[in-house]
Amino acid sequence: MWLIAGLGNPGSQYEQTRHNAGFLVVDRLLARYGSGFAGTRFEAHVGEIQRADERLLILKPQTWMNESGRSLAAARQFYKAPVDRLIVVHDEVDLAFGQLRLKAAGGAGGHNGLKSTTQRLGDPGYLRLRFGIGRPPGFRPGDDLTRHVLGRFSGTERSDLDLLLDEAVDRLESVVDEGIIPAMNRYNGLAVTKP
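Treat the numbers as computed from the prediction; the structure is a model and nothing was measured.

Give a description of the packing of aromatic side chains that names residues and reports values.
Under the counting rule described, the total for this entry stands at five aromatic pairs. With centroids separated by 5.9 Å and ring planes inclined at 65°, the aromatic side chains of Phe 42 and Tyr 79 adopt a geometry described as edge-to-face. With Phe 42 in the loop between strand S2 (39–41) and strand S3 (44–51) and Tyr 79 in helix H2 (residues 68–79), the pair connects residues that are 37 residues apart, well separated along the chain. The lysine or arginine in question, Lys 60, covers the ring of Phe 23, its NZ or CZ lying 5.1 Å from the ring centre.

Next comes the structure, spelled out in structure tokens:
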């Protein structure tokens, strides 16, 4: 079994915001299989996909971003899932918009959802799919990123969003099919290009 969690904030005011990129990716993953979220458990909307011989439990925590780990830890404990079978999908200001990167374990890099997840799991060894949202034009070190992160995607960004969400799902499928290292070797550093 795999646990795949998209991070974001609940509520209509946060829909389509950059900070909810993780939500958008797991929505797209379920849609690819003609599925959706079937209920609420572990303080999360929960969906399920059967893919070949692998069961994928999809989580969309309904805690605030900075409490995401509460939901993820509860699901992991219930299913006794190894930490390297948990993939967390999150927005990443340290990557330009349009960049996607897989990562095996690591630090939180200032992301409150990752901080909460690591703290609640007691282990930073979970996998990540980083969805680049970049920084606003004119950003300088020390500037507050709250408005940018909680803002909606720009018109230009929205025109590329569908492609990026599909590419993100491709990468998740690659991790499930091949493992994190082969998937990283295949995709990291590969630019997402329009057809």
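There's more to say after this.
Give a detailed account of the packing of H2 against helix H3 (residues 112–121), specifying residues and quantitative values.
Two elements in contact, H2 and H3, have axes whose closest approach is 7 Å; the angle formed by their N-to-C orientations is 40°. As the angle between them shows, H2 and H3 are arranged oblique. As for how H2 packs across H3, the hand of that crossing is right-handed. Contacts between H2 and H3 pair Ser 68, Gly 69, Arg 70, Leu 72, Ala 73 and Arg 76 from the former with Gly 113, Ser 116, Thr 117, Arg 120 and Leu 121 from the latter. Residue classes in the contact of H2 with H3 are distributed as three nonpolar, five polar and three charged.

Residues and numbers for the sheet that holds strand S4 (residues 54–61), please.
Across the sheet, seven strands lie side by side as S2-S3-S4-S1-S5-S7-S6; this open sheet has mixed pairing. Edge strands, defined here as strands with exactly one partner in the open sheet, are S2 and strand S6 (100–104). Within this sheet the neighbouring strands show an average axis-to-axis angle of 30°, counted without direction. In terms of strand pairing, S3 meets S4 through eight bridges, oriented antiparallel. Its bridge partner lying in S4, Gln 50 is registered against Arg 55. On top of the sheet, helix H1 (residues 21–32) reaches strand S1 (2–6), S3, S4, strand S5 (86–92) and strand S7 (127–132); it is set at about 145° to S4, its chief contact. Each of S1, S2, S3, S4 and S5 touches H2; the most contacted strand, S4, lies at about 155° to it.

For the nonpolar core, give the residues involved together with the corresponding values.
Counting residues in hydrophobic clusters, the biggest one holds 34 residues, and the most contacted among them are Ile 4, Ile 58, Phe 131, Leu 172 and Val 175. Among the elements of the structure, S1, H1, S4, S5, S6, S7, helix H5 (155–178) and helix H6 (180–187) are those that each provide at least two residues to this core. Sequence-distant contacts of Val 175, defined by excluding residues within four places in its chain, comprise Trp 2, Ile 87, Leu 102, Leu 127, Ile 180 and Ala 183. Formed by 19 residues, the second largest nonpolar core is a distinct cluster that contains Val 46, Leu 59, Met 65 and Leu 86.

Quick one: what's the story with the side chain of Arg 128, residue by residue and with numbers?
With respect to the helices and strands, Arg 128 occurs in strand S7. Although Arg 128 is buried, it makes no salt bridge; Glu 92 carries the closest opposite charge, 7.5 Å away. From its side chain, Arg 128 meets the backbone oxygen of Gly 107 in a polar contact 3.0 Å long. Beyond its immediate sequence surroundings of up to four residues, Arg 128 is in contact with Ile 87, Val 88, His 90, Arg 101, Leu 102, Lys 103, Ala 105, Gly 106, Gly 107, Leu 114 and Thr 118.

Explain the pairing of S3 to me, using residue names and the numbers behind them.
Where S2 lies against S3, three bridges are found, and the strand directions are antiparallel. Paired with Thr 40 across the bridge in S3 is His 45. The hairpin formed by S2 and S3 contains two residues between the paired strands, and Phe 42 there has a positive phi angle of roughly 60°. The hairpin formed by S3 and S4 contains two residues between the paired strands, and Ala 52 there has a positive phi angle of roughly 55°.

Just give me the short version of the pattern of salt bridges, but keep the residues and values in it.
Within this structure, the stated rule accounts for 17 salt bridges. Residues Glu 43 and Arg 70 are paired through a salt bridge, measuring 2.7 Å at the closest nitrogen-oxygen approach. With Glu 43 in the loop between S2 and S3 and Arg 70 in helix H2, this pair connects stretches of sequence that are 27 residues apart. Its salt-bridge partner being Arg 70, residue Glu 67 comes within 3.3 Å of it at the nearest N-O pair. Judged by its relative accessible area of 30%, Arg 70 is partly exposed. Each member of the salt-bridge network shares a partner with another, and the members are Arg 32, Arg 51, Asp 170, Glu 173 and Asp 177.

The rules behind each value
- Think of each chain on its own: its residues are numbered from 1, step by step along the sequence as written.
- This being a predicted model, a pLDDT of at least 70 is required before a residue's local features are given, and a value of 80 or more before pairs of side-chain atoms are given or counted; all residues contribute to the totals for chains, interfaces and linings.
- Where side-chain values are given, they derive from all heavy atoms of the structure, hydrogens and water being excluded.
- Each pair of aromatic rings taken from Phe, Tyr and Trp, with Trp reduced to its six-membered ring, is defined by centres within 6.5 Å and is described as stacked if the planes are under 30 degrees apart, edge-to-face if over 60, and tilted in the remaining cases.
- Each helix is a run of DSSP H or I of at least 4 residues and each strand a run of E of at least 2, with the numbering of both proceeding from the N terminus.
- Put simply, a charge is over a ring when the Lys NZ or the Arg CZ is close to the ring centre, within 6 Å, and near the line of the ring normal, within 35 degrees.
- Axis definition: a line fitted to C-alpha atoms, over the contacting stretch in the case of helices. Angles run 0 to 180 degrees between N-to-C directions.
- The cut-offs work like this: below 35 degrees is roughly parallel, past 145 is roughly antiparallel, 65 to 115 is roughly perpendicular, and the gaps in between are oblique.
- What makes a crossing left-handed is the near helix being turned counterclockwise from the far one by less than a right angle; a clockwise turn instead makes it right-handed.
- Two residues form a contact once any of their heavy atoms are found within 4.5 Å.
- Amino acids outside the nonpolar list (Ala, Val, Leu, Ile, Met, Phe, Trp, Tyr, Cys, Pro) and the charged list (Asp, Glu, Lys, Arg) are all regarded as polar, and Gly is one of them.
- Paired strands, as defined in this entry, are two strands with at least two bridges between them according to DSSP.
- Only buried residues count toward a nonpolar core. Its members are Ala, Val, Leu, Ile, Met, Phe, Trp, Tyr and Cys residues joined through side-chain atoms within 4.5 Å.
- Accessibility here uses a 1.4 Å probe with only protein chains present; expressed as a share of the type maximum, an area under 20% marks a residue as buried, one over 50% as exposed, and anything in between as partly exposed.
- When charges are tallied, Lys and Arg are placed among the positive residues and Asp and Glu among the negative ones, while His and the ends of the chain are skipped.
- Every case where a carboxyl oxygen of Asp or Glu lies within 4 Å of a side-chain nitrogen of Lys or Arg is listed as a salt bridge.
- Pairing of N or O atoms within 3.5 Å defines a polar contact, subject to two protein rules: one partner must be a possible hydrogen donor and the other a possible acceptor, and residues neighboring in sequence count only if both atoms are side-chain atoms.

None of this, on its own, says anything about what the molecule does.
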